[in-house]
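Next come the chains, spelled out residue by residue.
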Amino acid sequence: MNSRLTRRQYVAAVTAAAIASASGCTDRVDAGLSGETGGDGPETDAHELEWTTHRGDAARSGVRPSESGPGASLSVAWELEVADLLEELEGLEADEYALEKPLDDSGSGARTTTETGISNVVLSGSVVAWTIGYSWIDRTAEEEEEKFRLRIVAADRETGAIRWSRELGTPEESRRHDWFAPEVGDAGIYVPHRNDDGIELLVHDPDTGELAEGFALELPHEIGQPLVADGTIYVVETDDGESRVRAFDAGDGESEWAVHHSTGAGFDRGIPGVTVRDGTVWSFDPGSTSGEEPAFVARDATDGSVRFREPLELPEPTVTGMDTAHLSSPTFASDSGYAAGDVDSLQLRDRAPLVSFDPADGSERWQYEPPAVDFAGRTISAVYGLPVVVDGLVLATRIGDPDSMDGTSGGEDESGGEGEDRDGSADEDKNENGNGNENYIFFAIDEADGTVEWTVDLPAPAYAPVAAGDVIYVPLPNAVYAISTSGERLDRLGKVGLRSGDYPPAIGDGRLFTATIDSIVAIE
């Protein structure tokens, strides 16, 4: 997946291509299907140790205890490749998997996959689970036929062997991009998917894949990634330019409340549009065409009523047509909330700050704009992604000077300290990624006052870093880094094809679990 695309754009592009055409060391794991087809993180209980949703919990903290992660060194424990998976699921041979492979004119009846897409992963019970969408041209029939499948797949966390898989209903052709990652709730693994009548939510036992229950949600319009938290399903729905936050009972799917969110605000399908913390549902409202100022909005989780809407003074964007900087819904850690530029801001390389605020009333504590750089004919000062907070440091990614990618970490930073030396692998990353004209900086800010402590150069943006204890894991399109809280690069696992953007690794069992371009990988 191109790291410049949001998941929504990526999957839409995949579907368009399909319709146009006709419709580390590694131990590889055989599919072996059963079922239908054969340190120092926050206090946690067993449920919170599971990676239930984007960034692990409904507050998006992204932090787990040190024993949950692989530590300072990284290697591949197992990898399950899409080629092996689809050979078992659909009977396609490995040599038939060439993306963009031309149609076979030999009359041999070969079938060619056109593209695949893999969701975020979640951890539940003894499995790691994800959804996968794929299409191919079936040439075994008298006439060529395009086929499309959506599946929920669960693999053993320890070995990577497939435990179970279930085929989901196939949406009509125009809605094929409209699919979602699984979520984890008290009843099991929740799998939202689009059918011709709306959104259906299936609940599976994580260890066996047995269907516990299923019910329909009254959501006929476009929606973002749902979020399951505290027995409720939250979702942002958009219809004709207007978005609403809606809540449903996670036990039976009954609608609990629906409230106006904003006008002109979109969402990224890979990331839940809201954050839930201590009985409050948080979102960012850009204001935009409504005439209101941008603000963090805090709503009561029981009825959706507004507890407060605290206006923000944000910098003007540099992209024509944008009224204000767009932030992601916030991340919470300790007694503070944090937000930076959302996926669309990253896609457009638009201006966006890092904001710290008080969850008690939404009031701003500090706002950080990094040094401006010249980028593609514009002057940009921007921080992107979901911050992670470890040992009193707020960690995030900012855009850097494209000419400074020299294999070291930025020299003297804004706080007057010296940046940590690196071993020159920035050039290696740049070459592997084919991205020598861009530079990004992973940096640490003191959460008390917003001063920069250290910086590390990166060849691509790290949208959603995660941490276990005092080790931060930074996923890039071609590698994952392990970085210490002092800014030292502890290790780098390269050439694993990690997704970037809105795809964070899950942490558990002393491993990272992540989707790559064409596989699921466990890193230890």
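Residues numbered from 1 in each chain as written. Predicted model: local features only at pLDDT ≥ 70, side-chain atom pairs only at ≥ 80, totals over all residues. Heavy atoms only, no water.

J.: Got a minute to help me understand the side chain of Thr-397 in this structure?
T.: Of note, Thr-397 is situated in strand β28 (residues 393-399). On the accessibility criterion, Thr-397 (1% relative accessible area) is buried. Within the structure, Thr-397 has its side chain in polar contact with the backbone oxygen of Ala-462 (distance 2.9 Å). Excluding residues within four positions of it along the chain, Thr-397 makes contact with Ala-382, Val-383, Tyr-384, Tyr-440, Ile-441, Phe-442, Phe-443, Pro-461 and Ala-462. (Helix = DSSP H or I, 4+ residues; strand = E, 2+ residues; numbered from the N terminus. Buried < 20%, exposed > 50% of the residue type's maximum accessible area, 1.4 Å probe, protein only. Polar contact = N/O pair within 3.5 Å; in protein donor to acceptor, adjacent residues only side chain to side chain. Contact = heavy atoms within 4.5 Å.)

J.: Help me out: how do you make sense of the sheet that holds strand β17 (residues 275-277) in this one?
T.: Hydrogen bonds between backbone groups are what pair the strands of a sheet, and the pairing can be parallel or antiparallel. An order of β17-β18-β19-β20 is seen for the 4 strands of this open sheet, with the pairing classed as antiparallel. A single partner strand is all that each edge strand has here, and the edge strands are β17 and β20 (306-311). Strand-to-strand twist in this sheet, taken as the mean axis angle between neighbours without regard to direction, amounts to 20 degrees. (Pairing = 2+ DSSP bridges. Axes fitted to C-alpha atoms, helices over the stretch in contact; angles between N-to-C directions.)

J.: Before we go on, may I ask you to explain the packing of aromatic side chains in this structure?
T.: The geometry of an aromatic ring pair comes down to the distance between the two centres and the angle between the two planes. Inspection of every chain in the model, using the stated rule, returns 11 aromatic pairs. Where Trp-282 meets Phe-332, the ring centres are 5.2 Å apart and the plane angle is 55 degrees; that geometry is what we call tilted. Of the two residues, Trp-282 sits in strand β18 (residues 280-285) while Phe-332 sits in strand β21 (residues 331-333), which places them 50 residues apart along the sequence. Consider the rings of Phe-442 and Trp-454, whose centres lie 6.3 Å apart with planes at 50 degrees: the pair is tilted. Of this pair, Phe-442 sits in strand β29 (residues 440-446) while Trp-454 is found in strand β30 (residues 452-458), placing the two residues 12 residues apart along the sequence. Neither Phe-442 nor Trp-454 differs from the other in exposure class; each is buried. (Phe/Tyr/Trp six-rings, centres within 6.5 Å; stacked < 30°, edge-to-face > 60°.)

J.: Just checking my understanding: could you explain unusual backbone geometry for this structure?
T.: Leaving glycine aside, a negative phi is the common case for residues, and trans is the common case for peptide bonds. Backbone geometry places Asp-391, a non-glycine residue, at a positive phi of 50 degrees. Mapped onto the elements, Asp-391 comes out in the loop between β27 (383-390) and β28.

J.: Mind showing me how you'd approach the sheet that holds strand β1 (residues 63-64) here?
T.: In space, the 5 strands of this open sheet follow the order β1-β31-β32-β33-β34, with mixed pairing throughout. Taken across any chain shown, the strands that pair with only one partner, and hence form the sheet edges, are β1 and β34 (489-494). Bridge analysis of strand β32 (residues 471-475) against strand β33 (residues 479-484) gives 5 bridges, and the strand direction is antiparallel. Its bridge partner lying in β33, Val-471 is registered against Ser-484.

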